[in-house]
Amino acid sequence: MPPSQDMTTALDHGLLDALQHQVAVFARRAEQTRLGGTGQLRNSMDRAAYLLLNRLDQEGPMGVKALAAGMGIDSSTVTRQVAPLVDTGLVKRTSHPEDGRAVVLQLSPRGLARLEEVRASRRQLMVEVTEGWTPDEREAFCTLLTRFNTALSARQSAHAGHLPAEPGTAGGSEPAPAS
C-alpha cells in the first residue's frame, strides 16, 4: 500500500532527495561501466545479455515464455534480446523434448565460458570498489540493495497489473553471481 500524503510529508525530504540522487548516480555509473569488471572491455557484457545468460545458467533450459515470466519482462523482449546471443553462439535453440514444436533456450558451453569470464571480472570489480569494507558491510549492502530492487520490482509489477517477478531476476534484482 502506498504511503499516505501525511506519511510522505513526515519523512525526511532531504534524506529522500539524497537517496534518489545516489540511485540516479549509481544507475549512471553502472551503465557507464556496464559493471564490466576491472576495466577490460572484453569482460563487459550488456546488462540484458548478462541477466539472460545468468538465468539460463541458474535455472537450466527453458522456453521463451517461462524465461520472460521469470524475469518479469515481455516474451517479445526476450525474443529480441536472445537473438544476438543465439547468433553469437552463447545460447542454443533446441526443440522441447516432449513437444518438438516448442523451442527451448539453453546456455551453450561457449555461453557458460563467457558468462564465467564476466562473472570473474565483476567479482574483481566488487573487490576493488568495496576494498575498505568489512564482510558485514558488503553483506548489509547486498541485503539492502536486494530489498530495494525487490520493492521496485513489486511496485512495477503492481502498476503493470501482473504478479511480481521473482527476486533475483531481471524484473527483480540481479542475483549475486555464483563463485
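Residues numbered from 1 in each chain as written. Predicted model: local features only at pLDDT ≥ 70, side-chain atom pairs only at ≥ 80, totals over all residues. Heavy atoms only, no water.

(A) Spotlight on the overall build of the protein chain. Helix and strand content of the protein chain: 7 helices and 2 strands. Across the 179 residues that make up the protein chain, the buried fraction comes to 27%. (Helix = DSSP H or I, 4+ residues; strand = E, 2+ residues; numbered from the N terminus. Buried < 20%, exposed > 50% of the residue type's maximum accessible area, 1.4 Å probe, protein only.)

(B) Molecular detail of the environment of G89. Among the secondary structure elements, G89 is positioned in the loop between helix 5 (75-87) and strand 1 (91-95). In this structure, the C-alpha to C-alpha distance between G89 and G111, residues 22 residues apart in sequence, is 6.9 Å. Setting aside chain neighbours within four positions, we find G89 in contact with S108, R110 and G111. (Contact = heavy atoms within 4.5 Å.)

(C) Here's a closer look at the packing of helix 3 (residues 47-59) against helix 6 (residues 109-129). Across the interface, helix 3 lies against helix 6 with an axial gap of 10 Å and an inter-helix angle of 110 degrees. By the angle between their axes, helix 3 is roughly perpendicular relative to helix 6. By crossing handedness, the relation of helix 3 to helix 6 is classed as left-handed. Contact with helix 3, carried on its side by Y50, L53, N54 and D57, involves L112, L115, V118, R119 and R122 of helix 6 and no other residues of that element. (Axes fitted to C-alpha atoms, helices over the stretch in contact; angles between N-to-C directions. Parallel < 35°, antiparallel > 145°, perpendicular 65-115°, else oblique. Left-handed = near helix turned anticlockwise from the far one by under 90°.)

(D) View of the nonpolar core. Membership of the largest hydrophobic core comes to 20 residues, with the highest contact counts inside it found for L52, L53, L56, L67, V82, L85 and V91. Breaking this core down by element, the ones donating at least two residues are helix 3, helix 4 (64-71), helix 5, strand 2 (103-107) and helix 6. Top element by residues in this core is helix 3. It accounts for 6 residues. Apart from residues lying up to four places away in sequence, L85 is in contact with A49, L52, L53, L90 and V91. (Core = buried A, V, L, I, M, F, W, Y, C linked by side-chain atoms within 4.5 Å.)

(E) Examining the packing of helix 4 against helix 5 more closely. For the pair helix 4 and helix 5, interaxial distance at closest approach is 8 Å and the crossing angle is 110 degrees. Between helix 4 and helix 5, the angle is such that the two are roughly perpendicular. Contact residues: V64, K65, L67 and A68 in helix 4; S75, V78, T79 and V82 in helix 5. When grouped by side-chain class, the residues that make up the contact of helix 4 with helix 5 number 5 nonpolar, 2 polar and 1 charged. (Nonpolar A, V, L, I, M, F, W, Y, C, P; charged D, E, K, R; others polar.)

(F) Highlighting the packing of aromatic side chains. In this structure the tally under the stated criterion is 1 aromatic pair. When the centroid spacing of 5.4 Å and the interplanar angle of 85 degrees are considered together, the rings of W133 and F141 count as edge-to-face. Assessed through its relative accessible area of 32%, W133 is described here as partly exposed. Among the residues examined, F141 registers a relative accessible area of 42% and is labelled partly exposed. The ring centre of Y50 lies 3.9 Å from the NZ or CZ of R122, which sits over that ring. (Phe/Tyr/Trp six-rings, centres within 6.5 Å; stacked < 30°, edge-to-face > 60°. Lys NZ or Arg CZ within 6 Å of the ring centre and 35° of its normal.)

In short, shape yes, function no, at least from these values alone.
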